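Below are the chains, spelled out letter by letter.
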Amino acid sequence: MIRRQQTLGERLEERGISRRSFLKFCTTTASLLALPPAFAPRIAEALESQRRPSVIWLSFQECTGCSESILRAGSPSIESLIFEAISLDYHETLQAAAGHQAEAAREQAMAENMGKYLVVVDGSVPLGNPGFSTVAGQSNVETLKQVAKGAAAVICMGTCSAFGGIPYAKPNPTGAVPVSEIITDKPIVNVPGCPPIPAVMTSVIAHYITFGSLPELDDLGRPKVFYGQNIHDRCYRRPFYERGQFAQSFDDEGAKAGWCLYKLGCKGPTTYNACAVLKWNEGTSFPIEAGHGCLGCSEPNFWDKGSFYAPLSTATELGSGTVAAGVLAGAVLGAGAGYAGRKMQEKGKTGPFEAPPVADAGQKENS
Amino acid sequence: MTLLDFARGPALQGAAFIFVVGMVWRALGLLLLHRNTPLSRNRDNHLARHGFRTVLSRFIPAPVFERRVSFQYVAGWIWHLGFFVVLLFFKIHVMFFQGLLGFGWPTLPNGVVVAVAGITLGVLLWLLGRRIVNPVLRYISTFNDYSSLVVTMLPFITGFLAFAHYGFAYETMLALHILSISLLLVWFPFSKLIHVITLLPSRYILGVKFWRRGVQA
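- As recorded by an unreviewed UniProt entry, chain B carries the name Nitrate reductase and is attributed to Paenirhodobacter hankyongi.

- Per an unreviewed UniProt entry, chain A goes by the name hydrogenase (acceptor) and belongs to Paenirhodobacter ferrireducens.
- Of the comments in the UniProt record for chain A, the one headed Subunit (unreviewed entry) reads "Heterodimer of a large and a small subunit."
- Its UniProt record gives chain A a comment under Catalytic activity (unreviewed entry), which states: "H2 + A = AH2".

1. Focus: the overall build of chain A
Argument step 1. Summing up its helical and strand segments, chain A has 17 helices and 9 strands in all.
Argument step 2. When burial is assessed residue by residue, chain A has 41% of its 367 residues classed as buried.
Argument step 3. Of all intrachain contacts in chain A linking residues separated by at least 6 positions in sequence, the fraction that spans at least 24 positions is 71%.

2. Things to note about the sheet that holds strand 1 (residues 54-59) of chain A
Residue and element names in this part refer to chain A.
Argument step 1. One open sheet accounts for 5 strands, arranged 2-1-3-7-9; its pairing is parallel. In this open sheet, the two strands that pair with only one neighbour each are strand 2 (87-91) and strand 9 (188-191). Shown here is a sheet whose adjacent strand axes are inclined to one another by a mean of 20°, direction ignored.
Argument step 2. Alignment of strand 1 against strand 3 (residues 117-122), held across 5 bridges, turns out to be parallel. Along strand 3, the bridge assignment pairs Val55 with Leu118.
Argument step 3. Its contacts with the sheet put helix 7 (residues 140-148) on strand 1, strand 3 and strand 7 (151-157), and the angle it makes with strand 1 is roughly 165°.
Argument step 4. Packing against the sheet, helix 10 (residues 198-211) makes contact with strand 3, strand 7 and strand 9, and its axis sits at approximately 160° to strand 9.

3. Structural notes on the interface of chain A and chain B
Argument step 1. Every contact between the two is made by 42 residues of chain A and, on the other side, 37 residues of chain B.
Argument step 2. Taken together, the elements giving at least two residues each to the side of chain A that touches chain B come down to helix 13 (238-243), helix 16 (320-348) and helix 17 (358-366) of chain A.
Argument step 3. The greatest single-element share of the side of chain A that touches chain B, amounting to 17 residues, is contributed by helix 16 of chain A.
Argument step 4. Considering only residue class, the side of chain A that touches chain B consists of 20 nonpolar, 15 polar and 7 charged.

4. Observations concerning the domain arrangement of chain A
All names here are of chain A.
Argument step 1. For chain A, the assigned domains are domain 1 (8-227) and domain 2 (231-304).
Argument step 2. Contacts between domain 1 and domain 2 engage 15 residues on the former and 14 residues on the latter.
Argument step 3. Secondary-structure elements contributing two or more residues to the side of domain 1 that touches domain 2 are helix 8 (159-163), helix 10 and helix 11 (224-227).
Argument step 4. A per-class count over the side of domain 1 that touches domain 2 returns 11 nonpolar, 3 polar and 1 charged.

5. Things to note about the UniProt feature "transmembrane region" (unreviewed entry) in chain B
Argument step 1. Under the present numbering, the feature "transmembrane region" (unreviewed entry) in UniProt falls on residues 12-33, 77-96, 108-128, 149-168 and 174-200 of chain B.
Argument step 2. Strand forms 0% of residues 12-33 of chain B and helix 91%; the C-alpha atoms that close the span are 32 Å apart.

6. A closer look at the environment of A:Ser307
Residues and elements named next belong to chain A.
Argument step 1. Counting through the fold element by element, Ser307 comes out in the loop between helix 15 (275-278) and helix 16.
Argument step 2. Owing to 10 C-beta atoms within 10 Å, Ser307 belongs among the exposed residues under this scheme.
Argument step 3. For Ser307 and Thr270, which are 37 residues apart along the polypeptide, the C-alpha to C-alpha distance reads 15 Å.

7. Concerning the packing of helix 3 (residues 66-89) of chain B against helix 5 (residues 110-133) of chain B
All names here are of chain B.
Argument step 1. As a packed pair, helix 3 and helix 5 sit with axes 9 Å apart at the nearest point and diverge in direction by 140°. Regarding the angle of helix 3 to helix 5, the classification is oblique. As helix 3 packs across helix 5, the resulting crossing turns out to be left-handed. For the pair helix 3 and helix 5, contact is made by Ala75, Ile78, Trp79, Gly82, Phe83, Val85, Val86 and Phe89 and by Val113, Val116, Ala117, Ile119, Thr120, Val123, Leu124, Trp126 and Leu127, respectively.
Argument step 2. Looking at the contact of helix 3 with helix 5 residue by residue, the classes come out as 15 nonpolar, 2 polar and no charged.

8. Let's talk about the pairing of strand 9 of chain A
All names here are of chain A.
Argument step 1. Where burial is concerned, the two faces of strand 9 agree: the one with Ile188 and Asn190 and the one with Val189 and Val191 are both buried.
Argument step 2. As defined by bridge partners, strand 7 adjoins strand 9 across 4 bridges and the pair is classed as parallel. By the bridge assignment, Met157 is partnered in strand 9 with Val191.

9. Observations concerning the UniProt feature "binding site: [3Fe-4S] cluster" (unreviewed entry) in chain A
Residues and elements named next belong to chain A.
Argument step 1. Here, UniProt's "binding site: [3Fe-4S] cluster" (unreviewed entry) annotation points to Cys275, Cys294 and Cys297. These annotated residues cover 23 residues of sequence, but their C-alpha atoms sit close together, with the largest distance between any two at 10.9 Å.
Argument step 2. Locating Cys275 in the fold gives a position in helix 15.
Argument step 3. Residue classification places Cys275 among the buried positions, given that 25 C-beta atoms sit within 10 Å.
Argument step 4. Excluding residues within four positions of it along the chain, Cys275 makes contact with Ile197, Ile231, Phe286 and Pro287.
Argument step 5. Taking the C-beta count within 10 Å as the criterion, Cys294 has 27 such neighbours and is therefore assigned buried.
Argument step 6. If we ignore the near neighbours within four places in the chain, the residues touching Cys294 are Ile231, Cys266, Lys267, Gly268, Thr271, Pro287 and Ile288.

10. Focus on the UniProt feature "transmembrane region" (unreviewed entry) in chain A
Argument step 1. Feature annotation in UniProt assigns "transmembrane region" (unreviewed entry) to the following positions: residues 318-340 of chain A.
Argument step 2. Strand forms 0% of residues 318-340 of chain A and helix 91%; the C-alpha atoms that close the span are 32 Å apart.

Procedures and definitions
Residues numbered from 1 in each chain as written. Chains lettered and ligands numbered in written order. Predicted model: local features only at pLDDT ≥ 70, side-chain atom pairs only at ≥ 80, totals over all residues. UniProt positions renumbered as here; feature names shortened; annotations may be inferred. Helix = DSSP H or I, 4+ residues; strand = E, 2+ residues; numbered from the N terminus. Buried ≥ 20, exposed ≤ 12 C-beta atoms within 10 Å, placed from the backbone. Contact = placed C-beta atoms within 7 Å. Pairing = 2+ DSSP bridges. Axes fitted to C-alpha atoms, helices over the stretch in contact; angles between N-to-C directions. Nonpolar A, V, L, I, M, F, W, Y, C, P; charged D, E, K, R; others polar. Domains from an automatic or database assignment. Parallel < 35°, antiparallel > 145°, perpendicular 65-115°, else oblique. Left-handed = near helix turned anticlockwise from the far one by under 90°.

Set out below in structure tokens:
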């Protein structure tokens, strides 16, 4: 059990983490957040003195991948310590408590930190039927409204809570919606991804602890610092795109030579995320480096944007049916137009049926 | 729905539908009209052959007008060929057709296509400028001429910007590129761009008419 009164500095010291390692983490965090190096001591100071903020993690219609991701921030890395350094008072998957005890822990945390706690949500909220997803007999939407009421801010971890994600995909059988459609009176930061990059999740929390505010957001509510550039612009395969060298299949010579995966459906050019820079598994690689195109998982409705394996330049709805319907409609209109034209010709007496007698015609031609 | 989703989906679908409807409609409408039947004896017995000859002979300027119209011919040739090269031999365009038709074909290197596109756009801009500056051309130009030229140029401009990742974000530029093509498709059957289907048959008919009367055109 973590003693709440301890600051992060004290906790790190107790765990034998050197100050050098801690400052290194602070510098890395400042760098990730695109802050000047001078901010590193400020982050250190804030993190060291900060009492651990209460965090209530709500899991709705989700796959727990986001929790898996944040837990794999690289154990026992400094990121995981930061994660520990917050007071995670409620997380269905991770907490030791169960049943009524778990709910009691949430209610206690809410009461003790009213107006100050952070709510992290992963998963979308089903509105189709309250029974589609419940926790302790309470529907997700009720829980969210109740918990968000006293929150300082809401962090949507993962595409499901940020944009609806996979449950929101057509035909959306549960009537799933993102958190932002329910909570409109609290600051919300979206950290989309399926799942999001671990360092992005921890950095957003670190930013909140350091500055007491959320980072600068883009028009989709995502931290600009991580979602400000598209993957294509930072992709190491970009030169092959410029040259028009595309892998034709996943095992051809082009794929082996590391050519651009645009033709295989890579959504890197339209996806804003930091995968190509921060990478995954402690900087090992990212999907494109592993040979598969980007799925665009940090963008809204990524599941409904046509095939993952169709290039961005292809049409999503145009097909032979449209062309056939066009030909048919055109033929009907054309036949009508032709008929009307013939009638007008006949009415205007301009056709050969009005040809003058042969002798006159000869005269005309000679004149 | 984002702008790109709209462009790749309903916009392109709707535009292609209008394009096909318009082309079939206008082609069939013309085809079904009454034709004049000759009232005099043919002065030549190989009309079909001469008709085709006229189709081909009009591709180059008539010697008598050569000095005055050569620029128009050369400029026209360059940008029409450039248009087809960029449309049909740019790798990403072939991917589009492959998605639509199920098969693709060999393409040209990006560098070559970009150069061709640059020349094509340059010629189109020059022709637009000439149409505005030259008093005679300006006098005979109508909205149909200007709009068709601009609507043809827009896909080149947006395509360049999308390819070069210049201007707006890539997804916005790609969406604008697809929307400009959609505009071209919608505009095509109802403007002078319809000449794509009327040009060669008109030449043939003209050739037959001339040769029938003994005019060696």
